[in-house]
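Geometric and topological summary
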Amino acid sequence: MEYKMGIIGYGGMASWHHKNSVKVPGLTVTSAFDIDSERLKVAEQNGLKIYDNVDDFLKYGDFSIVLVATPNNFHKYYSVMAMNAKKHVVCEKPVAMSLVELDDMIAASKKNNVLFTVHQNRRWDRDYKTIKRVLEDNLIGKPYTIESRVHGQNGVMHGWRAYKVAGGGMLFDWGVHLIDQILCMINEKVTEVYCQLFSIKTPEVDDYFKLLLRFESGLSAQIEVGTYCLEKMPRWYVNADHGSVIVKNWECEGKITKASEIVMEWEPEVVQTVGGPTRTMAPRPKETLEELALPKVESQWSDYYINVIAHLNGKEDLIVKHEELRRVMKIIEAAFESDRTHQSIKCLI
Ligand code: NAD
């Protein structure tokens, strides 16, 4: 069956959805509602029927799916309104400003028997899928630390993202993606959350954060997002009991390093290195290490919508599920609490 979609909030991200929807068989974007007449002009130029009133949009618009792509503080309001008008809803991330808001959205979807899901598109990022594949295929053994970083250099937070009332800040913005990725990769509960938020260039919200998650097995995941980091760190750095892996960037440059077949005889004496005397940190001879290329992983962001349409047609399970959204929101709430109290939060999430 063919599905039509109307968009609430035709800004930067909505235009991206509109462009990408062309790659999704069975999905057509037909309409847009926005409070900004300039954005409505752009939507009209892009071939959409436009509305400056949400009631008319929901009553007369020719679509059964609504995409909510407004600033974050309006996600719940419009999603619940659209679901009460019996529309399926795809909401942008972060789904909501709190777990309470998210639960209201889930309840509206159940009450109206309509689909409700969230655009966690970074589950289809190639760098993430590459690391996930390395772990799933057991290429380096059991991981004990995972570090996931995204660093910008510009020191800017655009528009509403700089304001608390709009749900701005990096924990909500990039944090929600990176937490979601880690939870989809590690099949264990989180038992402890520690977070520190910084406002380096943007006074009202966090523009840098460091988040530590401890999992049931002791595995530690560190997530770090910064908007003013002039030297970059690798996108992913993972240590496991049989090797290490680095994915440097979104282009997926990087490598896997493992111990080779050659057995190393460790020096009983202190080794003199350029860094001074040490045994533990003495460099390892090259021949005792083996470097492997990263697996080649293909991925398309349009697969997100292909799954939504297949689900509506009864052919596939929905990939982005309510319980997963609730877990991420619980971690975000624990992270804010940890920053506020300067303590780690014990949990079972
Ligand atoms: P934006 O400012 O470019 O667009 C927001 C649009 O919403 C604007 O056109 C604005 O006029 C409109 N708007 C504002 N208040 C409104 C209201 N009360 N009613 C109706 N329309 C309203 O912002 P953006 O970058 O497109 O972000 C929009 C959403 O998309 C945010 O939730 C953001 O977190 C999300 N986003 C997701 C990704 C991703 O990778 N999934 C990337 C960027 C943004």
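The structure this text deals with has already been given above.
In short, a report on the structure. (Residues numbered from 1 in each chain as written. Predicted model: local features only at pLDDT ≥ 70, side-chain atom pairs only at ≥ 80, totals over all residues. Heavy atoms only, no water.)

**Digging into the packing of helix α7 (residues 170–185) against helix α9 (residues 322–341)**
Cut-off, in case you're wondering: Note on definitions: angles span 0 to 180 degrees between N-to-C directions of axes, and those axes are lines fitted to C-alpha atoms, for helices only across the stretch in contact. Numbering of helices and strands runs from the N terminus, with a helix taken as a DSSP run of H or I at least four residues long and a strand as a DSSP run of E at least two residues long. For this classification, under 35 degrees means roughly parallel, over 145 means roughly antiparallel, 65 to 115 means roughly perpendicular, and everything else is oblique. Crossing handedness is defined as follows: a turn of the near helix away from the far one that is anticlockwise and smaller than a right angle gives a left-handed crossing, while the clockwise case is right-handed. Working rule for contacts: check all heavy atoms of both residues, and any pair within 4.5 Å makes them a contact. Residues were grouped as follows: Ala, Val, Leu, Ile, Met, Phe, Trp, Tyr, Cys and Pro as nonpolar; Asp, Glu, Lys and Arg as charged; and all remaining residues, including Gly, as polar.
Their axes nearest at 10 Å, the elements α7 and α9 cross at an angle of 125°. Taken as axis vectors, α7 and α9 run oblique relative to one another. The handedness of the crossing between α7 and α9 comes out as right-handed. Only R327, V328, I331, I332, A335 and F336 of α9 make contact with α7, whose side of the interface consists of L171, F172, V176, I179, D180 and L183. For the contact of α7 with α9, the class distribution of residues is 10 nonpolar, no polar and 2 charged.

**Side note on the site of the ligand**
Note the threshold: Neighbouring residues are identified by heavy atoms, a residue being near a molecule or strand if any of them is within 4 Å of it. Polar contacts, as used here, are pairs of N or O atoms within 3.5 Å; protein pairs need one atom able to donate a hydrogen and one able to accept it. Residues neighboring in sequence count only if both atoms are side-chain atoms. Methods summary: accessible areas were calculated by the Shrake-Rupley approach with a probe of 1.4 Å, and residue burial reflects only the protein chains presented.
Not every one of the 25 residues close to the ligand is listed here, only the nearest: M13, D34, N72, Y78 and N121. Contact distances for the ligand include 2.8 Å between an oxygen atom and a side-chain N or O atom of H75. Y78 places a side-chain nitrogen or oxygen 2.7 Å from a nitrogen atom of the ligand. Protein coverage of the free-state accessible area of the ligand, which is 850 Å², stands at 84%. Those elements giving two or more residues to the shell around the ligand turn out to be α1 (12–21) and α4 (75–84).

**Brief notes about the nonpolar core**
Heads up, the rule is: Residues enter a nonpolar core if they are buried and are Ala, Val, Leu, Ile, Met, Phe, Trp, Tyr or Cys, with the set joined through side-chain atoms within 4.5 Å. When accessible area is computed with a 1.4 Å probe and restricted to protein chains, residues below 20% of their type maximum are described as buried, those above 50% as exposed, and intermediate ones as partly exposed.
Core analysis: the largest hydrophobic core is formed by 51 residues, its most contacted members being V66, L102 and F116. Discounting residues that sit within four places of it in the chain, V66 has contacts with M5, G6, I8, F57, L58, A82, K87, H88, V89 and V90. Of all hydrophobic cores here, the second largest spans 48 residues; its members include I131, I179, V193 and V225.

**Observations concerning a nonpolar patch on the surface**
This is how the line gets drawn: Patch definition: residues with relative accessible area over 30% and no salt bridge; like charges joined within 9 Å; nonpolar side chains (Val, Leu, Ile, Met, Phe, Trp, Tyr) joined within 5 Å. For this analysis, a salt bridge means a side-chain nitrogen from Lys or Arg found within 4 Å of a carboxyl oxygen belonging to Asp or Glu.
Together, I200, Y228 and L230 make up an exposed nonpolar region whose accessible area comes to about 300 Å². Within the secondary structure, Y228 sits in the loop between β10 (220–226) and β11 (236–240).

**A short note on the sheet that holds strand β6 (residues 116–118)**
Where we set the bar: Think of it this way: DSSP has to see at least two bridges between two strands before they count as a pair.
On the basis of which strands lie adjacent, the open sheet formed by 6 strands has the order β3-β2-β1-β4-β5-β6 and parallel pairing. Since the sheet does not close on itself, it has two edges, and those belong to β3 (49–51) and β6, each with one partner. Averaged over all pairs of adjacent strands, the angle between their axes in this sheet comes to 25°, without regard to strand direction. Two strands pair when backbone bridges link them, and strand β1 (residues 3–8) and strand β4 (residues 65–68) are joined in this way by 4 bridges, in the parallel orientation. In the strand pairing of β4, I7 is matched with L67. Its contacts with the sheet put α4 on β1, β2 (27–33), β4, β5 (88–91) and β6, and the angle it makes with β5 is roughly 165°.

**Details of the state of the cysteines**
Defined as follows: Cysteine sulfur atoms that pair up within 2.5 Å are treated as a disulfide.
Tallied over the full model, the rule gives 0 disulfides. We note that C91 lacks a disulfide partner, and the nearest cysteine sulfur, in C184, lies 17 Å from it. Overall, C91 belongs to the buried group, its relative accessible area being 0%. C195 takes part in no disulfide bond, and the closest cysteine sulfur to it belongs to C347, at a distance of 13 Å. A residue is classified by how much of its surface remains accessible, and C195, at 1% relative accessible area, is buried.

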